[in-house]
Each structure stands twice: as C-alpha cells, then as structure tokens.
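Given next are the chains, with one letter for each unit.
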Amino acid sequence: MSLYQKIRQQSREFGQRTLDRHLRLGVTGLSGAGKTAFITSLVHQLTYGDQPAHLPFFSVVREKRYLGGQLDQRQALSVPRFPIEQNLQYLQQEPPMWPPSTKGWSQLSLSLRYKAVSGLRAKLQSRSELALNIVDYPGEWLLDLPLLSMSYQQWCEFSWRLFRQPHRQEAAKVFEQHLQACNQQDASELALQNTTEQYKTLLHQFHDTAGAYLNQPGRLLVPGELAGAPMLQLFPLLPEQAAENSALAKKLEQHYQSYCKNVIEPFYQQHFARLDRQIILVDCLTALNSGYAAMQELQQALQLILKSFHYGPTSLLTRLFKPKISKVLFAASKSDHATPEQHQALSLLLQQLLHQPLKLSHYQAATTEVMAIAAIRASVSGYVQVDGLAQPCIRGESLGQKSVTYFPGEIPDKIPSAEFFKQHKFEFLSLQPLRWREQEPLPHVRMDHVLQFMLGDKLE
Ligand SMILES: Nc1nc2c(ncn2[C@@H]2O[C@H](COP(=O)(O)OP(=O)(O)O)[C@@H](O)[C@H]2O)c(=O)[nH]1
Ligand SMILES: [Mg+2]
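The structure displayed is predicted, hence computed values, not measured ones.

Caption draft 1: Up close: the packing of aromatic side chains. All chains considered together, the criterion is met by 20 aromatic pairs. An angle of 75 degrees between the planes, with centres 5.9 Å apart, marks the rings of Tyr 137 and Phe 267 as edge-to-face. Here the residue Tyr 137 occupies a position in the loop between strand E4 (128-136) and helix H6 (139-142), and Phe 267 occupies one in helix H12 (residues 247-271), the gap between them amounting to 130 residues. In this structure Tyr 137 comes out as buried when scored by relative accessible area, which is 1%. You can call Phe 267 buried: its relative accessible area is 6%. An angle of 40 degrees between the planes, with centres 6.1 Å apart, marks the rings of Phe 420 and Phe 426 as tilted. Counting every residue linked through ring pairs, the aromatic cluster contains Tyr 137, Trp 141, Phe 267, Tyr 268, Phe 272 and Phe 309. Sitting over the ring of Tyr 137, Lys 35 keeps its end group 5.8 Å from the ring centre. Geometry around Phe 206 places Arg 168 over its ring, the cationic atom sitting 4.4 Å from the centre.

Caption draft 2: Representation of the coordination of the magnesium ion (ligand 2) within the structure. Coordination sphere of the magnesium ion (ligand 2), protein contribution only: Thr 36 (OG1) and Thr 102 (OG1), at 2.1 Å. Separated by 66 residues along the polypeptide, Thr 36 in helix H2 (residues 35-48) and Thr 102 in the loop between helix H4 (84-92) and strand E3 (106-114) bring together distant segments of the chain. You can call Thr 36 buried: its relative accessible area is 14%. Residue classification places Thr 102 among the buried residues on the basis of a relative accessible area of 17%.

Caption draft 3: Representation of the site of ligand 1. Within the structure, ligand 1 sits among 16 residues, and Gly 32, Lys 35, Ala 37, Asp 336 and His 337 are positioned closest to it. Taking His 337, its side chain carries an N or O atom lying 2.9 Å from a nitrogen atom of ligand 1. For ligand 1, the accessible surface in isolation is 580 Å², of which the surrounding protein chains cover 87%. For the shell around ligand 1, the class distribution of residues is 8 nonpolar, 5 polar and 3 charged.

Caption draft 4: How the structure looks around the state of the cysteines. Evaluated as defined, the whole model comprises 0 disulfides. Here Cys 182 is not cross-linked by a disulfide; its sulfur's nearest cysteine counterpart is in Cys 156, at 13 Å. A relative accessible area of 17% places Cys 182 in the buried class.

Caption draft 5: The sheet that holds strand E6 (residues 327-332), seen in detail. Taken together, the 7 strands give an open sheet; going across it, the order is E2-E3-E4-E1-E5-E6-E7, and neighbouring strands pair in mixed fashion. Sheet topology places strand E2 (66-71) and strand E7 (367-372) at the edges, where each strand pairs with a single neighbour. Between one strand axis and the next, the sheet turns by 20 degrees as a mean value, whatever way the strands run. Bridge analysis of E2 against E3 gives 5 bridges, and the strand direction is antiparallel. Among the inter-strand pairings, Tyr 66 is bridged to a residue of E3, identified as Tyr 114. Here helix H14 (residues 292-306) sits on the sheet and contacts strand E1 (22-28), strand E5 (277-282) and E6; the angle it forms with E5, its principal contact strand, is near 165 degrees.

Caption draft 6: Geometry of the pairing of E6. With 6 of its 6 residues buried, E6 lies for the most part within the structure. Side chains Lys 327, Leu 329 and Ala 331 project from E6 onto one buried face, and the interleaved Val 328, Phe 330 and Ala 332 project onto a second face that is buried too. In this structure, E6 lies alongside E7, joined through 6 bridges in parallel fashion. Of the residues in E7, the one forming a bridge with Lys 327 is Thr 367.

Caption draft 7: Inspection of the domain arrangement of the protein at higher detail. Each assigned domain of the protein is listed with its residue range as follows: domain 1 (14-142 + 272-379 + 436-459) and domain 2 (150-267). On a C-alpha basis, the centres of domain 1 and domain 2 stand 33 Å from each other. Interface area, domain 1 with domain 2, both sides summed: about 1500 Å², of which 67% is carbon and sulfur. In terms of surface lost to domain 2, no three residues of domain 1 exceed Glu 140, Trp 141 and Glu 297, which account for 45% of the buried area on that side. Counting the contacts that link domain 1 with domain 2 gives 1 salt bridge. Salt-bridge contacts for Glu 297 lead to Arg 168; the nearest nitrogen and oxygen are separated by 2.5 Å. One can count 6 residue pairs in polar contact (both at pLDDT 80 or more) joining domain 1 with domain 2.

Caption draft 8: Region of the structure containing the side chain of Arg 277. Counting through the fold element by element, Arg 277 comes out in strand E5. The exposure class assigned to Arg 277 is buried, which follows from its relative accessible area of 5%. Among the polar contacts listed, one links the side chain of Arg 277 to the side chain of Asp 457, at a separation of 2.9 Å. Once residues within four sequence positions are removed from consideration, Arg 277 is found in contact with Leu 23, Arg 24, Leu 25, Gly 26, Ile 325, Ser 326, Lys 327, Phe 453, Met 454, Leu 455, Asp 457 and Lys 458.

The rules behind each value
- Residues numbered from 1 in each chain as written.
- Chains lettered and ligands numbered in written order.
- Predicted model: local features only at pLDDT ≥ 70, side-chain atom pairs only at ≥ 80, totals over all residues.
- Heavy atoms only, no water.
- Phe/Tyr/Trp six-rings, centres within 6.5 Å; stacked < 30°, edge-to-face > 60°.
- Helix = DSSP H or I, 4+ residues; strand = E, 2+ residues; numbered from the N terminus.
- Buried < 20%, exposed > 50% of the residue type's maximum accessible area, 1.4 Å probe, protein only.
- Lys NZ or Arg CZ within 6 Å of the ring centre and 35° of its normal.
- Donors = N, O, S within 2.8 Å, 3.2 Å for Na, K, Ca; no water.
- Near = heavy atom within 4 Å.
- Polar contact = N/O pair within 3.5 Å; in protein donor to acceptor, adjacent residues only side chain to side chain.
- Areas by Shrake-Rupley, 256 points an atom, 1.4 Å probe, with all protein chains shown as cover.
- Nonpolar A, V, L, I, M, F, W, Y, C, P; charged D, E, K, R; others polar.
- Disulfide = S-S within 2.5 Å.
- Pairing = 2+ DSSP bridges.
- Axes fitted to C-alpha atoms, helices over the stretch in contact; angles between N-to-C directions.
- Contact = heavy atoms within 4.5 Å.
- Domains from an automatic or database assignment.
- Buried area = accessible area lost by both parts, 1.4 Å probe.
- Salt bridge = Lys/Arg side-chain N within 4 Å of Asp/Glu carboxyl O.

In structure tokens:
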C-alpha cells in the first residue's frame, strides 16, 4: 500500500471511529476452531440475510430496518482480501466442500446500511451506515502471542514441560536425543537448519496428534510470507542447555528475540491491538473426542491466549486512541454435530473450560456471553422412534459422503475426569456441509444471536 493510500484509509477509518461508525471484530480461535467458516457465514448473512425468518433474533432484520450489507470496494489492492466468493463456491460444489484451511492473513470490510430506530440519527438521516472490519489468519499464529511475555529460556522450560506430558512424550523422544547429541558450540547455518527441520517434523507430528494444541512457533507450521527467513531457524533447547552460555543458545536467543520483535509484535499491533469486539470460537467437541489431555491442553491454550487482549468499557477517547474490547462472545462452534437438546450442556462445558479466565477481573470490564453455535450448519435434526419412544437424532453426510442418521451422544456440562475418559469414548463425527445454492440463506445455528450480541446495539 502506498503511503498516500495508507493515510487515506487511516483518515477514513479515524473519521468513522470518531462518529462511532466503525467496528473491528476480532475472530479468535485455534486452528480448526471454525474461524474461516464463521467469517464466511457472517459475511453471507449480512450481505444476503434480510429475511426475518432466517435471522429472527437479529432485531434490525426482524424490525425490517436492515437495508443490506455491501463489501467495501475501496480496500487497498495490496491488502490480502478474505476470499469470500471462493469460500462460497466450495460450499456450492457437488458434493459440497468446506473452504480450505487458511495459509495467510486476509481482511474484509463491510458497509452495513440500516434505518436508525430513534434519536438524532433517525431524524437527520433516512439511512445510517456502520463499517465492519474483519480479519482472518491461520490459528497457528495465535499461539505465538504468549511468546511475547516469555524469554527464550522461559519458552524452553515451558515447551519441555509440555513435551514431557504423556500424550506428547513418545513423539518428543527422538528430538530430545537429537538435542542431547548436538554440539552446543556449533551455531552454523547448516547445524541450525538441520535441527530446525527436525523440530518442524516434531511440530507437524504434534499438530496431527489429537489434543496437542499448543504448538509454537506458529510460523514453523504455517510460514506464510516468511518461508526461508533465518529467524525461523528456531527451536527450544533443553532447559539446561538454554541456561548455558553456548554459541548455539546465544544464536537461538537472538532468533527468538527477532521473531518476537519482527513477526509477533507487528502481527499483534496490526490485527489484535485495535479490536472493539471479539468472538472466541472453541471446538469443544473435537477436544472431547480426543480425551482428557486434550481438554486440559485446550484450556491451557485458551488461558494463555486470552491474556494477550485488553478488555474494558469504551469511551470516545479509548475507542480512538487506546481501544479495548468491550464485548466478548465465547462460542462453542460446530454445535450442529450434536442434537439441539445438548446445546445447553455444550455452552456450560465451554463456560467451565473458561472458568479461570472469566474469573479474572479484566474480563469483567467487558460484557460477555457464552453460546453454542454453528456458522454453517451441516446437519438437520429430528427424532427417530426407538422402542416406541422419540429419540433425538441428526442427519448429515459423513466425510466419506455416506448419509448418516444417528444420536451423537450426550455432552457433559463439565470437563469429565480422567477416569471418566478411560471408560467412555466420545465420537462426534465430522460432517460435510449441507447442499446449498447461493440464492438461498446459508443454514446456521444461532448466527442471529451472534449478530444481535455483536452488532445489535450499533444498529439501533
Ligand atoms: N458441522 C460444522 N462443521 C464446521 C463448522 N465450521 C467449521 N467446521 C468444520 O471445521 C473445519 C475447520 O473450519 P475452519 O473454518 O477452516 O477453521 P479455522 O482453522 O478456525 O479457520 C471445517 O473444515 C469443517 O470441517 C460448522 O459450523 N459446522
Ligand atoms: Mg481458517
């Protein structure tokens, strides 16, 4: 983006923020939590969905005051644009497919038009506008934020405590032996690259291991535009090695600092530091499928990430110069993998998972809500008769394109004990999206509640 374009865009945004006509929505979630599907659905609901029957809880639509949403065509050409059209095309394929996983960051701006309910805005204008800004990025990168508050030594200690846990230790053994055999005075390009490759293999192994959520640094898994950059030669030495003043430890410490300063900080400043509202998507069902260790690690990852954000009520001054997140929605995603009467338990489970962070005082300054949602619904729910009794069930297409009708099981409303997981296996299946044509509304679960919570008061 040229300096001129940048200044123009920033001054436009500043003007809209001064008038409180601009909102930055942060979509936060680990890899696979459902961010891309959520943004795709949100944008489609806002640009298509003016049908009250489809979004009954979204008051601006229900009250027939919504005049439609448009993609902002003024977005600078050099800024990666969220591929909304391609994502919608994937959903329309035969058979329908989920949009592919995200490899870099992208953003989209929407302009929402509506009739104000009352007040000065309603008297002066026949239509009002709200600009909405959303960013998508690989969830792997989110896990880099906690590195900003750790030194290299602390990161090594943190990593190896994690790698020695039962669900990771087997995979980590080979890398541990490799580190033990490494010459600590050899900080040559070749030696660093070789060990980084081995660490990358381990990270990919962890990434594919059920429940190993906390994989750092994120750019080793998804490098984006940084592929091949020397500071990505980075791995955690064994804590006792990191404490030595060896050539290798010094070099890695340098790379670590450079990674924090040149990659994580700008990423944070650009995309997270100025959020007004936030949705935190959590895929609890996949974690339940993976077992006790997964639930524990998911909880730990969420707690670490959430410490990176600033929460609090907003005033004109804070909105302009020191924005804080004033509303946070914690959403259990993919709730369509369970029958509707289980959704209450699912949101209670998420609430318990977030018990610690929610207790912290800095969240209490923001308005929060917890709900179970599905951005893009992949099942229909109903009942089957079993021994004369109506049993709830869902119907959808499994990933092998087999039509399945089943009861996916009960969702516990608390994190079950390690003992319980030994005796009980959860099996929430992944499903293909439902068949859908672009002229139709995109099926969802509670996206109208999401829109009302996130935007309702701004569209009054
Ligand atoms: N059934 C269902 N599956 C979903 C939903 N959203 C996401 N998924 C599944 O989760 C996968 C990952 O979603 P994605 O949006 O790419 O996650 P991201 O990594 O957070 O961007 C998708 O490929 C789908 O299989 C949903 O609303 N319902
Ligand atoms: Mg994604």
